Amino acid sequence: MGAVTDDEVIRKRLLIDGDGAGDDRRINLLLKSFTKWCHSPGSPEEGFTQYQRMLGTLAQCEFSMGKTLMVYNMNLREMENYEKIYSNIEQSIMSAHDKIAECKKEIQRAKRIRKNRQEYDALAKVIQQHPDRHETLKQLEALDKELQQLSHIKENVDAKLELRKKQFHVLLTTIQELQQTLENDEKSDNDDQSQESPAQNGE
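Undergrad: What's the story with the overall build of the protein in this structure? I'm lost.
TA: Assigned secondary structure in the protein consists of 4 helices and 0 strands. In the protein, the succession of α and β elements from N to C terminus is α-α-α-α. Out of the 203 residues in the protein, the part that is buried amounts to 16%. As displayed, the protein has an accessible area near 16200 Å², and 54% of this comes from carbon and sulfur atoms.

Undergrad: Mind showing me how you'd approach the pattern of salt bridges here?
TA: For side chains bearing opposite charge, pairing can occur when the charged atoms are close. With the rule as written, the count across this model stands at 1 salt bridge. Ionic pairing is found between D158 and K154, a salt bridge with its closest N-O pair at 3.1 Å. Here the residue D158 and the residue K154 both occupy positions in helix α4 (residues 133–202), the gap between them amounting to 4 residues, near one helical turn. In this structure K154 comes out as partly exposed when scored by relative accessible area, which is 30%.

Undergrad: Explain the confidence of the model for the protein to me, please; I cannot follow it from the model alone.
TA: Considering every residue of the protein, the mean pLDDT works out to 78; 79% of them sit at 70 or more. Per-element mean pLDDT across the protein ranges from 56 in helix α1 (residues 6–17) up to 85 in helix α3 (residues 44–128).

Undergrad: Honestly, the nonpolar core in this entry has me stumped. Any pointers?
TA: Across soluble globular proteins, nonpolar side chains have a tendency to be buried as a group. If you look at the biggest cluster of nonpolar residues, it comprises 6 residues: I89, A96, L171, I175, L178 and L182. At the level of secondary structure, the elements contributing two or more residues to this core comprise α3 and α4. Of all the elements, α4 adds the most residues to this core, at 4 residues. Excluding residues that lie within four positions of it along the chain, I89 makes contacts with I175 and L178.

Undergrad: What am I meant to see in the side chain of E106 here?
TA: Topologically, E106 is positioned in helix α3. K160 is the oppositely charged side chain nearest to the buried, salt-bridge-free E106, at an N-O distance of 4.6 Å. In contact with E106, other than residues within four places in its own chain, are V157, K160 and L161.

Undergrad: Help me out: how do you make sense of a negative patch on the surface in this one?
TA: A surface patch of negative charge is lined by E78, E183, E186, D189 and D191. Counting residues per element, the negative patch draws most heavily on α4, at 4 residues. Tracing the backbone shows E186 in helix α4.

Undergrad: For this particular structure, what's the right way to read the environment of K104?
TA: The residue K104 is located in helix α3 in this model. A relative accessible area of 55% places K104 in the exposed class. Each C-alpha atom of the pair K104 and L161 lies 8.6 Å from the other, and the pair is 57 residues apart in sequence.

Each value, and the rule that gives it
- Residues numbered from 1 in each chain as written.
- Predicted model: local features only at pLDDT ≥ 70, side-chain atom pairs only at ≥ 80, totals over all residues.
- Heavy atoms only, no water.
- Helix = DSSP H or I, 4+ residues; strand = E, 2+ residues; numbered from the N terminus.
- Buried < 20%, exposed > 50% of the residue type's maximum accessible area, 1.4 Å probe, protein only.
- Areas by Shrake-Rupley, 256 points an atom, 1.4 Å probe, with all protein chains shown as cover.
- Salt bridge = Lys/Arg side-chain N within 4 Å of Asp/Glu carboxyl O.
- pLDDT = per-residue confidence, 0-100.
- Core = buried A, V, L, I, M, F, W, Y, C linked by side-chain atoms within 4.5 Å.
- Contact = heavy atoms within 4.5 Å.
- Lys, Arg positive; Asp, Glu negative; His and termini not counted.
- Patch = residues over 30% accessible without salt bridge, like charges linked within 9 Å, V, L, I, M, F, W, Y side chains within 5 Å.
- Charge placed at Lys NZ, Arg CZ, Asp CG, Glu CD.

Encoded structure:
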């Protein structure tokens, strides 16, 4: 038979002891009562009364075990849910890093566009001084169209960059809220355990 893990030992202990209401002691008393009942020379009425009492104690233990098992399964589902949330957060962070890298590329592209525009402006000034005015006007028109296209591209890049910044801010805010929620849950669990411990000692 394989070795019993710590989780299995804890789980079985919780199933026996219930929610800390003394089910472990109740079972021990039930076993003693059963042994005493088996060897008791009393009347049938007394034996039946003791038998009904043992059945009631057994029902209480079974109810506590069922309730504890439900809580245990619920905690397992919550842990799985938290793992999914952490996985989603990690994926969101990776996606945010990718978007930031893409935004940096777009910024570099915008800088190149600005540099090209400055070069085109300088070239336009040179062309304006060219003696062939008809050809110069054609070149200027072409340059103006290209500058408009570049300006439109730059505006799109700026808009995308601003959108990415807003999305990343929302993501960071969501992560912080989730971390605060997890910390509050952990603190609440610790407070519940602290309140249950004095009750157990008192019994």
